[in-house]
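Spelled out, the chains give:
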Amino acid sequence: MTEPAPLETGWQPTTPPDDTLLRAYTLNVAAASAVLADSLGGRTLVSDAYALADVGRDAGFASSGVLLQPLGADFARVMAEIGAFYADGWGETMLMSPWPTPDLRPLGWGLVGHPPLHLLPPGRSAAPLPPGVRVGAVGDAAALTEWQRIAVLAYPFATLRRFGPHPLAGPAVLDDARMRFWLAFADERPVGAAQTFTEAGVTQVMLVATLPAARRRGIGAALTWAAALADPALPALLLSSDEGRPVYARMGFLPL
């Protein structure tokens, strides 16, 4: 008698990437972290349960992991493997989970929060740029260095500002067409940064940030439009902060 096929959970290794938007986004996050870590000479480890990347120091999203399956009966084993991978690193590491997890504080993790996932369907058009503002794509190593400087100053990378400067990506990342970086200029001065990664049929919008002195001028929205429409034919997905959520809502992003 033939054994019945296991029921589809939506998170098996054989589940198609486009099964759900959340699965596509999760696989996108895993691939993006690996690309960033590789560009900085870091390490990666992938299993059915997780995808991990580590640079050995604070490096923004380059030192982060994502759970690829819900933590079930294998919780202790999976978390032990993740802890062992990061045991020799130094600096902040972020672990993302699309599902609720048990309390991970006894294992040395601290809860950052529960940022909502937002969707911008394809077919949208960018709003006009604010007066005196332009947004451009980063095309060479010098521009990438400037992008990193602005990103560290504008984004809440507290430890990077304290112990930096540390690069968030290596120049080799510019050879990967899936990863793109954006700089915003106000009166020709760089004031904001954003990042996108295209994989699994979706565009992930990452690290949208504006220098404090340049906020409330529509620059964050301008950066988000450029990033979200990097491939206008694809849906764009992002995690929003409390400060950014009203901006994304006005742009038409839908909370999932």
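Residues numbered from 1 in each chain as written. Predicted model: local features only at pLDDT ≥ 70, side-chain atom pairs only at ≥ 80, totals over all residues. Heavy atoms only, no water.

Draft legend 1. Summary view of the sheet that holds strand S10 (residues 236–239). Strand order across the open sheet formed by seven strands is S6-S7-S8-S9-S10-S5-S11, with mixed pairing between neighbours. The strands lining the two open edges of the sheet, one partner per strand, are strand S6 (133–137) and strand S11 (254–255). Where strand S8 (residues 189–199) and strand S9 (residues 202–210) come together, seven bridges link them in antiparallel fashion. Following the sheet pairing, Phe197 is matched in S9 by Gln204. Running at roughly 60° to S9, helix H1 (residues 21–39) makes contact with strand S5 (117–120), strand S7 (179–186), S8, S9 and S10 of the sheet. Along the sheet, helix H3 (residues 141–154) contacts S7, S8 and S9; its crossing angle with S8, the most-contacted strand, is approximately 100°. (Pairing = 2+ DSSP bridges. Helix = DSSP H or I, 4+ residues; strand = E, 2+ residues; numbered from the N terminus. Contact = heavy atoms within 4.5 Å. Axes fitted to C-alpha atoms, helices over the stretch in contact; angles between N-to-C directions.)

Draft legend 2. Fine view of the environment of Leu129. Here Leu129 lies in the loop between S5 and S6. Among the residues examined, Leu129 registers a relative accessible area of 46% and is labelled partly exposed. Separated by 94 residues in sequence, Leu129 and Leu223 have C-alpha atoms that sit 9.5 Å apart. Apart from residues lying up to four places away in sequence, Leu129 is in contact with Arg134, Val135 and Ala222. (Buried < 20%, exposed > 50% of the residue type's maximum accessible area, 1.4 Å probe, protein only.)

Draft legend 3. Expanded view of the side chain of Gln195. The residue Gln195 is located in strand S8 in this model. Apart from the residues lying within four places of it in its own chain, the contact partners of Gln195 are Leu36, Trp147, Met179, Arg180, Phe181, Trp182, Gln204, Val205, Met206, Leu207 and Ala227.

Draft legend 4. Region of interest: helix H2 (residues 75–86). Look at H2: 17 Å from first C-alpha to last across twelve residues, which is about the 16 Å you get at 1.5 Å a residue. Contact partners of the buried residues in H2: strand S1 (43–46), strand S2 (50–54), strand S3 (64–67) and strand S4 (94–96). (Expected span 1.5 Å × (residues − 1).)

Draft legend 5. Summary view of the packing of aromatic side chains. Tallied over the entire structure, the rule returns six aromatic pairs. A ring pair is formed by Phe85 and Tyr86, whose centres lie 4.9 Å apart and whose planes are at 80°; its orientation type is edge-to-face. Residue Phe85 shares its accessibility class with Tyr86, and that shared class is buried. Grouped by ring-pair contacts, the aromatic residues Phe85, Tyr86 and Trp109 constitute a single cluster. The ring of Phe85 has Arg43 lying over it, and the distance from NZ or CZ to the ring centre is 4.1 Å. (Phe/Tyr/Trp six-rings, centres within 6.5 Å; stacked < 30°, edge-to-face > 60°. Lys NZ or Arg CZ within 6 Å of the ring centre and 35° of its normal.)

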